[in-house]
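Overview (structure and organization)
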Amino acid sequence: MAGSWKEAKKQADQEKLPQVYHDCDSDRYGACGQGEQQGAFKDGVFVEHRCICMPAHLSAEELVAKERIFRHENPDW
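Throughout what follows, the structure given in this document is the object of discussion. Please read all numbers here as calculations on a predicted model, not as lab measurements.

A word on the overall build of the protein chain. Helices and strands together make up the secondary structure of the protein chain, namely two helices and five strands. When the helices and strands of the protein chain are read in sequence order from the N terminus, they spell out α-β-β-β-β-β-α. For 77 residues, the compact-globule estimate of 2.2 N^0.38 gives 11 Å, and the C-alpha radius of gyration of the protein chain, at 13 Å, lies within 12% of that figure. Judged by the C-alpha coordinates and their principal axes, the protein chain covers about 40 × 30 × 20 Å. Within the span of the protein chain, comprising 77 residues, buried residues form 34% of the whole. Restricting the contact set of the protein chain to residue pairs at least 6 apart, pairs at least 24 apart contribute 46%. Accessible surface, the protein chain: about 5300 Å² in total, of which carbon and sulfur atoms supply 49%. Between the mean site of the 10 positive side-chain charges and the mean site of the 14 negative ones, the protein chain shows a separation of 4 Å.

Structure (structure tokens):
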């Protein structure tokens, strides 16, 4: 896990993963493979988290800007 888009991008580069994400429910960032779900187990059941997932080839600045636009356009998400 990472604490920012910049750290998530670094993780993706190191692990050669195609995507980075911001888990909005746990407020953590990270890198993942295509179609990988983020979440947690609760009472033995996997609960998927709401994540903003983007290609790892974008710059940290682009990731921040795209998330800002998404949150502005989807304030209740």
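From this point, the narrative continues.
Our focus in this paragraph is the nonpolar core. Counting 13 residues, the largest nonpolar core has Trp5, Val20, Met54 and Leu63 as its most contacted members. Elements with a contribution of two residues or more to this core: helix H1 (5–15), strand S2 (28–32) and strand S5 (51–55). With three residues, the top contributor of residues to this core is H1. Residue contacts for tryptophan 5: discarding those within four places in its chain leaves Val20, Tyr21, His22, Tyr29, Ile52, Met54, Ala60, Leu63, Val64 and Glu67.

This part is about the pairing of S2. Within a regular strand, side chains alternate between the sheet's two faces. Counting buried positions along S2 gives four out of five residues, so the element sits mostly inside the fold. As paired elements, strand S1 (residues 19–23) and S2 share five bridges and run antiparallel to each other. For glutamine 19, the partnering residue across the bridge sits in S2 and is cysteine 32. Hairpin connection between S1 and S2: a loop of four residues separates the two successive antiparallel strands, and aspartate 27 in this loop has a positive phi of roughly 55°.

Parameters at a glance
Residues numbered from 1 in each chain as written. Predicted model: local features only at pLDDT ≥ 70, side-chain atom pairs only at ≥ 80, totals over all residues. Heavy atoms only, no water. Helix = DSSP H or I, 4+ residues; strand = E, 2+ residues; numbered from the N terminus. Rg over C-alpha atoms; globule rule 2.2 N^0.38 Å. Buried < 20%, exposed > 50% of the residue type's maximum accessible area, 1.4 Å probe, protein only. Contact = heavy atoms within 4.5 Å. Areas by Shrake-Rupley, 256 points an atom, 1.4 Å probe, with all protein chains shown as cover. Lys, Arg positive; Asp, Glu negative; His and termini not counted. Charge placed at Lys NZ, Arg CZ, Asp CG, Glu CD. Core = buried A, V, L, I, M, F, W, Y, C linked by side-chain atoms within 4.5 Å. Pairing = 2+ DSSP bridges.

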